[in-house]
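Next come the chains, spelled out residue by residue.
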Amino acid sequence: MKLIFESSEKGRVNSSQSPVGHVDVSDIPASLLRAKSPALPEVSEMQAVRHFTKLSQRNFSIDTHFYPLGSCTMKYNPRACNTLAMLPEFLGRHPYGPETTGQGFLACMHELQEMLTTLTGMTATSLTPMAGAQGELAGIAMIRAYHDNKGDEARCEILVPDAAHGTNPATAVMCGYKVREIPTGQNGDIDIDALKAAVGPQTAGLMLTNPSTLGVFDRGIEEIQQLIHKAGGLLYYDGANLNAILGKVKPGDMGFDVMHINLHKTFSTPHGGGGPGAGPVAANEKLAPFLPVPMVMEQNGKYFWATEKTIPKSIGRLSANMGNAGVLLRAYIYARLLGKEGMKRVAEFSVLNANYMMHRLKDAGFELAYPERRATHEFIITLKKLKEETGVIAMDVAKRLLDKGFHAPTTYFPLLVPECFLIEPTETEDKTTLDNFIEALSDIAREASENVDKVTGAPYTTPVRRLDDVKAAREPDLAWSKQGARD
Amino acid sequence: MPFIPHTKTEIEQMLETIGVSSIDDLFDEIPTALKSSGLDGVPDTLCEMEVSALMHRRAKEDGQYVNFIGAGVYDHHIPAAVWELTTRGEFYSAYTPYQAEASQGTLQLIYEYQSMMTALTDMDVTNASLYDGASALAEAVLMSVRIKKKTNRVLIPGNLHPFYKEVAHNIVKNQNIFLDDVSFEKTSGHITIQSLEQANLEGVGALVISQPNFFGGLEDVDELTNWAHARDLLVIAIVNPVSLALLKPPGQWGETGADIVLGEGQPLGIPLSSGGPYFGFMCCREKFMRQMPGRIIGRTVDLEGKQGFTLTLQAREQHIRRSRATSNICTNQGLMVTAATIYMSLLGPAGLMKVAQRSHTNTVKLVQTLTSIDGVERVFDRPVFHESVVRLNVPVPDVLRALQAQGIVGGYDVSSHFPDLGNVLLVCATEKRTDEEIENYAFHLERIISKRRLDPPCAVKANQT
C-alpha cells in the first residue's frame, strides 16, 4: 500500500481543518524562524480518511480476530468504556486546572484507587505510572527509597527469576541495582535451593510474577516470601498475570510488599497497537509512604491531589501530569460494569478457558510444557517434537495460524521452553472460538507432516508475506525520504 | 455475566473435558491459606445504562471552561476525523505489532509518523513514542550518558518546566546522574552565554535547551547550540511540535544542529483529558540511533519483494537484551501516535503553520489586552511562541478562583515554582480562543483586580460559600 506521502500534492490544503483569522509573526526574529516548511503530506480530508481506514484494515485486532497472546491478556475492550471516557467534559479538562474543575473525574480516580487497593490486598495505590514498566520502575525505586531511608545501603542486588519479563531486569538496572537471575525448577516453580543460595544481606528484593510466565502458580510462594523477608529484602509483584487470580488471591496476602497492575491487561483498557497502558502501583503499610505522586485524596467530600507536601517520603513524580488519566477512566468504567462478582469471574473463566484448551490440545497430540500442572489463565505447549519430525518451527506454525484467521500466541517466550507457544485465551472468548483454534492448530500439525513447504511458506493471506528482518536491521530505512525538509 | 459468553451447558462440557467437577477445582494448586478473604470495598455490578448515567453525572460535575492555560499542555482544535479513525477497533484493540504480517496497518502508520516527526524536527531518526515529554527528558539524559561514557551530569536550564526537571531527576538519580541548573536572565527569562559560562563542566556531557522555555519565551538556540558543541557537549532539545511549523527545527540549530530532540506530543491532536494519555517523542542523529530507547519501525520487503514494515533494531530493547537494554520501556503510547499522525496528515504543512501562527497572534493579543489593565504587567521582554508570563498586583490563586466562577481557567500559577518572581501567571491563547473570549477574560480580570463586584451573583463570594 502506498505511503500517505505518495498521495501528497504540493499546494493541497484542507481549509476546513485550518484556523481562520489574521496572523502576524513579525515580532519573532527571522533567525529563529523556519526557512522551509516541513515535508508533511498534503492530502484532502477524504484522502486521509481513506488512507487510514485502509491501513486499519491491514491489522489483526481483538475486534476482528481471536488474539490468544500469552502474558498480554487480549480480552474484549467494552465500547462503553471508550464512549464514556470521551465525554467532552473529561476530554476538555486541563491537567493543571483547579481541582474544583475536576471533582467528577477525581471521584472516579479516588474510587479506582480504593478498588485496586482492595483487590491487591495492599494499603494504598498510586495511579500515576503510565505503563507496566513504569509501575515496575516506581516499585523498585520505592524499595530503594525504603532501604535508603533506613540507612541500609549495602543492598545492591535485585533477584529476578529466569522466566521473568525482560522489563524486570531492565527496571532493576534503571534503579541502579545489579541483577541476579534465579533458575526455575523442573516443575515450573522457582528453584528454592538456588534462591536460598542467592539471598543475603546484599538482597534488596525479589521481583516475581505469580502465576509466572510459565503459566503456573508458584506453590512455594509462602516459603519464598519468608526467605526474602527474613534476609531483610522486599517482594515486588509483577501484575502482568493478575487476570488469573483477580478476586481469588490477593498479592498482599501472598506477602508481596509492592506491585503494579497492568490496567491494559486485567482491566481491559485497549492496547492501541502498543499503548497507552497504565501501571498503577500498590503498596503495603511498609512501602505506602514512598508511593509516587500525585495521588487523589478526599477530605470533607472534596477531592484533591496529594503531593510531596502530604506524602513527604514519596519517590516523587514520574510524569509532568498525573499519568494516563483517560486510560484510568476506562479502567474505572470497566470495574463498575464488572462489580465485585464480575472481578472473581474474570479469574474463574480465564482459567476455565485456558485449562479447557490445554486439555483439548493435549488430547490432540500436542506436548505440554508442564503436563502435571494446572493451567492458570495461560499455558505453554512446546513444538519441539514437531520440529524434530518435520523441520517446522514454532514461528512457522504462528505464521500459518494467521492464514487460518487467528492471531498467533506468544512465541519463543519464555526462553526456557524450546519452540514454545504461550497461549492465553482470556475469559471473553466463547467455547466455539476455542474449538476452532484447536482445530486450526491440529490442521497445521497435519499439514506439517504432509506438506512442509505449505507451512514454512506461510502466511499467504496477509497483506504481506514473511518480511526480511535482516535487511530491515542492516539497511535501516526508518523514515520516508527527507528530501525537501532541509534546504 | 458481563463480558463472559459461556452458557451453562458449555461450562459443563468444558469442566468434563478437563475432568473436574467445578471451576473452583482449577484453583487447587493455590495454598488454601492464601485464598481471598473478600472484596469489601468493590461495589456491586452496574449495567451499562447505570454506568452511563453515573459517568454523565460525573462529567457534568467537572463542567466545561474556556482555557487560557498551557504550561506544556495545549488546548488546540482537533479535527473530527482524528478520533473517529483512531478509535476504529482495528487500531484501538490491536496489540504491539510483534507479528508484523498481521500488523501492517499499525506498522506502516508508525513509519509514516516517524517520517513526519523527522521532517518536523529535521532529525534523522525517531522512535515510536515514549510515555510523555517529561519522561522522554529522563530517557534523553540517560541516552546522553551512554553516548558520553565518562559523564554523569547534564546542564538543565532554570527556565525549564519544573515538573520535567523533577521527573527527570526522579528517574535518573538512582544511577548517580545529576542535573545541574543554569540560571536564567532575570529581565528576559532566557538562558544567556554568560550564565552558561558560570557552570562547572566537570563530568558534564550534555546541555538541555528548551525552545520555547517554560515562560513561553524564545531562546537564542543557535548561540546556545554552538556554545555546547564547542565544549564537546551534546545538545538535548526540548521542543513543542506545533511550534516547529513556524520555528527553526532543532536539526538546524547552530552549525550542526541538536543531537537528541524530545518533547510532548499532546499538541498534535491529543485532547487535554486531565493529563493523559499523551505521548513523548524522541529523535536523534543517525549515529546515535543504537542508543535510542523504545521501539523503532523499519521499511523492508517481504519474500516476494513487496514493501512491508517491521519492528527493527530490537537488540536495544528489554525483551531481547533484558538487563543490558537501553531502557525498560515496553508498552508505549501507540494509539496517541495514531491520532498525531492523522492530525498531521489532515493539517499538512500549511495547516500546522496556520495553527502555530494563529496561536502566536492570539497570545500576543491576549498579553497586550491583559497588560493594558492597571496592575497587570509583562514579566519578561523576550519574544514568545504562544505563552507568556504576566505579573499581577494581587495573589494569583484568588484571581484564578474568581475567574473560574466566570467559566474561565485563567492560566497557570507560576508563583509556587518561582517565588522570586512574585504574583505571576502563565497565560496562553491557542488558535481556539476568539477575540470575544480574550476580551471577556480581560473584562473580568480588570474587575477582579480592581475589586469591583458583579451583581448578582457575586463571583468571589459565590466561591467562598
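Residues numbered from 1 in each chain as written. Chains lettered and ligands numbered in written order. Predicted model: local features only at pLDDT ≥ 70, side-chain atom pairs only at ≥ 80, totals over all residues.

The next point concerns the overall build of chain A. Along the backbone of chain A there are 15 helices and 13 strands. Here chain A has a C-alpha radius of gyration of 25 Å; the compact-globule value for 487 residues is 23 Å, and the two agree. Dimensions of chain A along its principal axes, counting C-alpha atoms only, are 75 × 65 × 45 Å. Taken over 487 residues, chain A has a buried fraction of 60%. Across chain A, contacts joining residues at least 24 apart in sequence account for 73% of those joining residues at least 6 apart. (Helix = DSSP H or I, 4+ residues; strand = E, 2+ residues; numbered from the N terminus. Rg over C-alpha atoms; globule rule 2.2 N^0.38 Å. Buried ≥ 20, exposed ≤ 12 C-beta atoms within 10 Å, placed from the backbone. Contact = placed C-beta atoms within 7 Å.)

With that settled, the discussion passes to the packing of helix 6 (residues 133-147) of chain B against helix 7 (residues 162-172) of chain B. All names here are of chain B. At their nearest, the axes of helix 6 and helix 7 sit 8 Å apart, and the two run at 50° to each other. Put simply, helix 6 runs oblique to helix 7. When the axes of helix 6 and helix 7 are compared, the crossing they make is right-handed. Facing helix 6, whose interface residues are Gly133, Ala134, Ser135, Leu137, Ala138, Val141 and Leu142, helix 7 presents Phe163, Tyr164, Val167, Ala168, Ile171 and Val172. Of the residues in the contact of helix 6 with helix 7, the class split is 11 nonpolar, 2 polar and no charged. (Axes fitted to C-alpha atoms, helices over the stretch in contact; angles between N-to-C directions. Parallel < 35°, antiparallel > 145°, perpendicular 65-115°, else oblique. Left-handed = near helix turned anticlockwise from the far one by under 90°. Nonpolar A, V, L, I, M, F, W, Y, C, P; charged D, E, K, R; others polar.)

Attention now moves to the sheet that holds strand 13 (residues 420-423) of chain A. All names here are of chain A. The strand order across the open sheet built from 4 strands is 10-11-13-12, with neighbouring strands paired in antiparallel fashion. On the outer flanks of this sheet lie strand 10 (367-368) and strand 12 (410-411), each paired with one strand and no other. Of the strand pairs in this sheet, strand 10 and strand 11 (residues 379-382) are connected by 2 bridges, and their pairing is antiparallel. Within strand 11, the residue paired with Glu367 across the bridge is Thr382. Contacting strand 10, strand 11 and strand 13, helix 10 (residues 325-363) crosses the sheet at an angle of about 20° to strand 11. (Pairing = 2+ DSSP bridges.)

What follows concerns the interface of chain B and chain A. Chain B puts 166 residues into the contact, and the matching count from chain A is 176 residues. Broken down by element, the residue count for the side of chain B that touches chain A peaks at 22 residues, all from helix 11 (residues 334-371) of chain B. A class-by-class count of the residues in the side of chain B that touches chain A yields 78 nonpolar, 58 polar and 30 charged.

This part is about unusual backbone geometry. Note that the residue after Gly275 of chain A, namely Pro276 of chain A, is joined by a cis bond; omega there is 0°. Structurally, Pro276 of chain A is set in the loop between helix 9 (263-266) and strand 7 (281-283). Residue Pro294 of chain A is reached from Val293 of chain A by a cis peptide bond, and omega for that bond is 0°. Tracing the backbone through its elements, the reader meets Pro294 of chain A in the loop between strand 7 and strand 8 (295-299). The phi angle at Phe3 of chain B is positive, at roughly 65°, despite the residue not being glycine. Of note in the backbone geometry, Ser129 of chain B takes a positive phi value of approximately 120° without being a glycine.

Once that is clear, we can look at helix 13 (residues 431-450) of chain A. Residues and elements named next belong to chain A. If you check helix 13, its first and last C-alpha atoms are 29 Å apart, about what 20 residues at 1.5 Å a residue would give, namely 28 Å. For helix 13, every residue scored as buried is listed here: Lys431, Leu434, Phe437, Leu441, Ile444, Ala445 and Ala448. Looking straight down helix 13, one finds its buried side chains confined to an arc of 150°; they lie on one side. The exposed set on the far side of helix 13, more than 90 degrees from its buried face, consists of Thr432, Arg446 and Glu450. (Expected span 1.5 Å × (residues − 1). Arc of directions from axis to C-beta.)

The next subject is the domain arrangement of chain A. Residue and element names in this part refer to chain A. By the assigned domains, chain A splits into domain 1 (80-338) and domain 2 (344-472). Each of domain 1 and domain 2 was reduced to a C-alpha centroid, and the two centroids are 30 Å apart. Taken together, the contacts link 19 residues of domain 1 with 17 residues of domain 2. Per-class residue counts for the side of domain 1 that touches domain 2 are 9 nonpolar, 8 polar and 2 charged. (Domains from an automatic or database assignment.)

Summing up the model confidence of chain A, the mean pLDDT is 96 and the portion of residues at 70 or higher is 99%. For the stretch residues 483-487 of chain A, pLDDT sits under 50, and the model shows 8 contacts to residues farther than four places along the chain or on other chains. (pLDDT = per-residue confidence, 0-100.)

Turning next to the domain arrangement of chain B. Residue and element names in this part refer to chain B. Assigned domains of chain B: these are domain 1 (66-75 + 348-464) and domain 2 (80-342). Contacts between domain 1 and domain 2 engage 23 residues on the former and 22 residues on the latter. Where the side of domain 1 that touches domain 2 is concerned, the elements lending two or more residues are helix 11 and strand 12 (387-392). Here the side of domain 1 that touches domain 2 gets 6 residues from one element, more than from any other, and that element is helix 11. Split into classes, the residues belonging to the side of domain 1 that touches domain 2 amount to 14 nonpolar, 5 polar and 4 charged.

A few words now on the environment of Cys47 of chain B. Residues and elements named next belong to chain B. With respect to the helices and strands, the residue Cys47 is situated in the loop between helix 1 (8-18) and helix 2 (48-62). For Cys47, a count of 12 C-beta atoms within 10 Å corresponds to the exposed category. Between the C-alpha atom of Cys47 and that of Pro2, which follows or precedes it by 45 residues, the distance is 8.5 Å.

For helix 6 (residues 167-174) of chain A, the buried fraction is high: 8 of the 8 residues fall into the buried class. Along helix 6 of chain A, the residues classified as buried are Thr167, Asn168, Pro169, Ala170, Thr171, Ala172, Val173 and Met174 of chain A. The inward-facing, buried residues of helix 6 of chain A contact helix 5 (132-149), strand 2 (157-161), strand 3 (178-182), strand 4 (203-208) and strand 5 (234-239) of chain A together with helix 10 (318-321) of chain B. Looking one or two places after helix 6 of chain A, you find Gly176 of chain A, whose phi comes out positive at around 85°.

What follows is about the sheet that holds strand 2 of chain A. Residues and elements named next belong to chain A. An order of 1-7-6-5-4-2-3 is seen for the 7 strands of this open sheet, with the pairing classed as mixed. What marks the edges here is a single partner per strand, and that holds for strand 1 (124-126) and strand 3. Between one strand axis and the next, the sheet turns by 25° as a mean value, whatever way the strands run. In this structure, strand 5 lies alongside strand 6 (residues 258-261), joined through 4 bridges in parallel fashion.

All names here are of chain A. Here strand 8 runs beside strand 9 (residues 302-306); their pairing, made up of 5 bridges, is antiparallel. Paired with Glu298 across the two strands is Tyr303, which belongs to strand 9. Once strand 8 ends, the chain turns through 2 residues before running back antiparallel as strand 9, passing Asn300 with a positive phi of about 50°.

Residue and element names in this part refer to chain B. Along the chain, Leu142 falls in helix 6. Given 21 C-beta atoms within 10 Å, Leu142 falls into the buried group. Measuring from C-alpha to C-alpha, the distance between Leu142 and Asn152 comes to 8.9 Å, with 10 residues separating the pair along the chain.

Across soluble globular proteins, you tend to see nonpolar side chains buried next to one another. Met142, Tyr236 and Leu328 of chain A are the most contacted members of the largest nonpolar core, which has 311 residues in total. In contact with Met142 of chain A, other than residues within four places in its own chain, are Val258, Ala283, Leu287, Phe290, Leu291 and Ile315 of chain A. (Core = buried A, V, L, I, M, F, W, Y, C linked by C-beta atoms within 7 Å.)

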